[in-house]
Amino acid sequence: SARVCFEDSFKYANKRKTFGKKLIEHPVIRNKFANMIRELEALQAWVETTAYQLNNMTFDEQVKYLAGSIGMMKAHSTRVFELCAREAMHVFGGLGYTRNGQGERVERLYRDVRSITVPGGAEEVLLDLGVRQAQRRYPKDAKL
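Here's a quick rundown of the structure. (Residues numbered from 1 in each chain as written. Predicted model: local features only at pLDDT ≥ 70, side-chain atom pairs only at ≥ 80, totals over all residues. Heavy atoms only, no water.)

## Description of the pattern of salt bridges
A complete count under the given rule lists 8 salt bridges for this structure. As a salt-bridge pair, arginine 111 and aspartate 112 come within 3.7 Å of each other at their nearest N and O atoms. Overall, the relative accessible area of 23% leaves aspartate 112 in the partly exposed class. The salt bridge involving aspartate 128 is made with arginine 132; its shortest N-O contact spans 2.7 Å. Here aspartate 128 pairs with arginine 132, and both are found in helix H5 (residues 123–137), just 4 residues apart, close to one helical turn. With a relative accessible area of 38%, aspartate 128 lands in the partly exposed category. A single salt-bridge network, built from bridges that share partners, covers Glu107, Arg111 and Asp112. (Salt bridge = Lys/Arg side-chain N within 4 Å of Asp/Glu carboxyl O. Buried < 20%, exposed > 50% of the residue type's maximum accessible area, 1.4 Å probe, protein only. Helix = DSSP H or I, 4+ residues; strand = E, 2+ residues; numbered from the N terminus.)

On their own, these measurements won't tell you what the molecule is for.
Encoded structure:
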């Protein structure tokens, strides 16, 4: 979903012209894409690392070491999706609010972003799970 927002808005920015040049040639627009790419690629790396760990750990190790991390990854993925949907809407401008045409997919994702992210679990609960798991593994006698 986040990648769709990025891809559709990137294609649009490469063909839409404003003030005599393509939208992608404006530094503010490139900054939006840089932030989307940075977050998307970091999330993808996290997902691939976690998938590798899931394939190479026993179930008990997965529960012990990955449950909190997976919760945090889920919470982060919703933030990335929200960012990409919002920035894609900015790139599309008025077209991002149309239910058909070039901005159709971005409009639908932007409208549904909260309803898509909530069923995975409340962000606060998932983040708390990650912190509690880290706290359990933290040495009780650690000093500054």
